[in-house]
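Residue-level structure breakdown
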Amino acid sequence: MHMSVGVARFPAHGDSGAALLRAADAAMHRAKHQAGATVVLFEPGMANRSGTLLEIEQALGAAIEQCEFVLEYQPKFVARSRELSGFEALVRWQRPGFGRVSPVEFIPAAERTGQIVALGALLLRLAAQQLRRWRAQGLAVLPVAVNVSPLQFEDAGLADWLLAMLSDHGLDPALIEVEITETAAITHMDRVLPQLARLRDAGVGVAFDDFGTGQSSLTLLRRLPITTLKLDRSMIEPLPEPAAGAVVRAACVLADALGLAVVAEGVETEAQAQAAERLGCTHLQGRLLAGPLASEAAAALLVKQP
Ligand code: C2E
Ligand code: MG
Ligand code: MG
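Overview of the structure. (Residues numbered from 1 in each chain as written. Chains lettered and ligands numbered in written order. Predicted model: local features only at pLDDT ≥ 70, side-chain atom pairs only at ≥ 80, totals over all residues. Heavy atoms only, no water.)

**Some points on the overall build of the protein chain**
- Helix and strand counts for the protein chain come out as 12 helices and 11 strands.
- Relative to the compact-globule value of 19 Å for 306 residues, the protein chain shows a C-alpha radius of gyration of 21 Å, a close match.
- Expressed as a percentage of its 306 residues, the buried residues of the protein chain come to 47%.
- Counting only contacts in the protein chain whose residues sit at least 6 apart along the sequence, the fraction spanning at least 24 positions is 67%.
- Accessible surface for the protein chain amounts to roughly 14,900 Å². Of this, 55% is attributable to carbon and sulfur atoms. (Helix = DSSP H or I, 4+ residues; strand = E, 2+ residues; numbered from the N terminus. Rg over C-alpha atoms; globule rule 2.2 N^0.38 Å. Buried < 20%, exposed > 50% of the residue type's maximum accessible area, 1.4 Å probe, protein only. Contact = heavy atoms within 4.5 Å. Areas by Shrake-Rupley, 256 points an atom, 1.4 Å probe, with all protein chains shown as cover.)

As structure tokens, this is what we get:
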């Protein structure tokens, strides 16, 4: 165990019990970001940020119960033919009085409070329901990738739950892909590995998200039971600059040798798209081709089954 302490003083940092607690909480959050046992005294600059964070954390519970979340679907394309190959589901919080809240604002809050477990399950179910609805409309459905947080794997039954849920929806497991980030894989390796293996054996795709941002460990690439490598936007953005190209090419050669598909993320220009394809990326995703779409717009890209 280690302890993080936030200290606030009356009346300088708050003139009511609630205000004082909020200030102490802000200082405690700052303390948590420092290594080891830490004590931090409140400073006025900490107030605003932590006020909104606290507020988001408190509102999330009700939002999950009311299901105030919607998924948008960003298309992915085969690099060579530019044919649609699937979607990535991206969550948005339609928060009454606030409009659309971006996942970067509330996913970290949900992870901090543990609410990500309930939220994550809700989002996987939303994706399954969407696939079922598209199929009922007579559309030829394509795989949907869902981002899964490391903390969802704290529940050792996640893989079994997901497979049972897909079967309840009458869906082939190959229609769902999970995207995990490197940090997820590293810090929870013992929990993550067997569950990913179980999912992949059942036919669920497993993508390694944001490759190139963290350690990008080559050992992990070999050990993780993944089917797809997603190259982070920061690797794609400088293309076709030669040094950046060399890094992308090396990643693609390695992925190819391991039998993985490679998605270039955040493709914004035709020059980037052509370079990514030439260097070995098998799939493209990004605003050049399509941004995240509402479900109706995504459905319009799917082909009617004869
Ligand atoms: P990510 O999984 O790497 O998703 C890609 C992000 O890049 C999305 O941002 C997408 O809108 C954005 N993007 C797509 N194409 C372009 C482009 O051409 N240029 C630029 N600049 N950006 C592009 P978004 O939707 O804000 O999501 C951000 C992150 O939030 C995601 O990164 C993912 O880590 C997390 N996230 C989103 N949805 C979920 C979810 O359902 N569950 C969990 N656990 N995390 C989620
Ligand atoms: Mg992703
Ligand atoms: Mg990514």
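Past the structure itself, the notes keep going.
**Topic: the coordination of the magnesium ion (ligand 2)**
- Distances from the magnesium ion (ligand 2) to its protein donors, E88 (OE), N147 (OD1), E179 (OE) and D209 (OD), fall at 2.0 to 2.2 Å.
- Read in sequence order, the donor residues for the magnesium ion (ligand 2) give the motif E-x58-N-x31-E-x29-D. (Donors = N, O, S within 2.8 Å, 3.2 Å for Na, K, Ca; no water.)

**Concerning the site of ligand 1**
- Taken together, 22 residues lie around ligand 1, and E88, R92, D209, E268 and R287 are the ones closest in.
- In the environment of ligand 1, a nitrogen atom lies 3.0 Å from a nitrogen or oxygen atom belonging to the side chain of Q74.
- D209 is positioned such that a nitrogen or oxygen atom in its side chain is 2.9 Å from an oxygen atom of ligand 1.
- In the complex, 83% of the free accessible area of ligand 1, which totals 810 Å², lies under the protein chains.
- Put simply, the parts of the chain that give the shell around ligand 1 at least two residues each are β4 (84-95), α3 (103-113) and β8 (205-211).
- The element that contributes the greatest number of residues to the shell around ligand 1 is β4, accounting for 4 residues. (Near = heavy atom within 4 Å. Polar contact = N/O pair within 3.5 Å; in protein donor to acceptor, adjacent residues only side chain to side chain.)

**A few points about the pattern of salt bridges**
- Here the structure, examined in full by the defined rule, presents 13 salt bridges.
- E154 is paired through a salt bridge with R191; the nearest N and O atoms lie 2.8 Å apart. With a gap of 37 residues between them, E154 in the loop between β6 (144-147) and α5 (158-168) and R191 in helix α7 (residues 189-201) connect regions that are remote in the sequence.
- Put simply, R198 and D160 hold a salt bridge, and the shortest N to O gap is 2.6 Å. Taken together, the residues R198 in helix α7 and D160 in helix α5 connect sequence positions 38 residues apart.
- Owing to a relative accessible area of 40%, R198 belongs among the partly exposed residues under this scheme.
- Using a relative accessible area of 41% as the deciding quantity, one classes D160 as partly exposed.
- What you see here is one network of salt bridges that share partners, running through E88, E179, K230 and E265. (Salt bridge = Lys/Arg side-chain N within 4 Å of Asp/Glu carboxyl O.)

**Here we look at the coordination of the magnesium ion (ligand 3)**
- With distances of 2.0 to 2.5 Å, the protein atoms coordinating the magnesium ion (ligand 3) are D209 (OD), D210 (OD), E265 (OE) and E265 (OE).
- In the primary structure, the donors to the magnesium ion (ligand 3) are separated according to the pattern D-D-x54-E.
- Separating the magnesium ion (ligand 3) and the magnesium ion (ligand 2) is a distance of 4.0 Å, and D209 donates to both of them.
- D209 gets classed as buried once you look at its relative accessible area, which sits at 5%.

**Thoughts on the pairing of β4**
- Among the 12 residues of β4, 10 are classified as buried, and the element is accordingly described as predominantly covered.
- Note: strand β3 (residues 69-78) against β4, 9 bridges, orientation antiparallel. Residue pairing in the sheet places F69 in a bridge with W93 of β4.
- When β4 meets β6, the two strands line up parallel, connected through 3 bridges. Residue pairing in the sheet places E88 in a bridge with A145 of β6. (Pairing = 2+ DSSP bridges.)

**Considerations on helix α11 (residues 270-279)**
- Taken together, the buried positions of α11 are occupied by Q272, A273, A275, A276 and L279.
- Two residues or fewer past α11, G280 is found with a positive phi of approximately 120°.

**Focus: the side chain of Q195**
- Inspection of the secondary structure puts Q195 in helix α7.
- Judged by its relative accessible area of 5%, Q195 is buried.
- Of note is the side chain of Q195, whose polar atom sits 3.2 Å from the backbone nitrogen of L158.
- When sequence neighbours within four positions are dropped, the list of residues in contact with Q195 reads F153, D155, A156, G157, L158 and A159.

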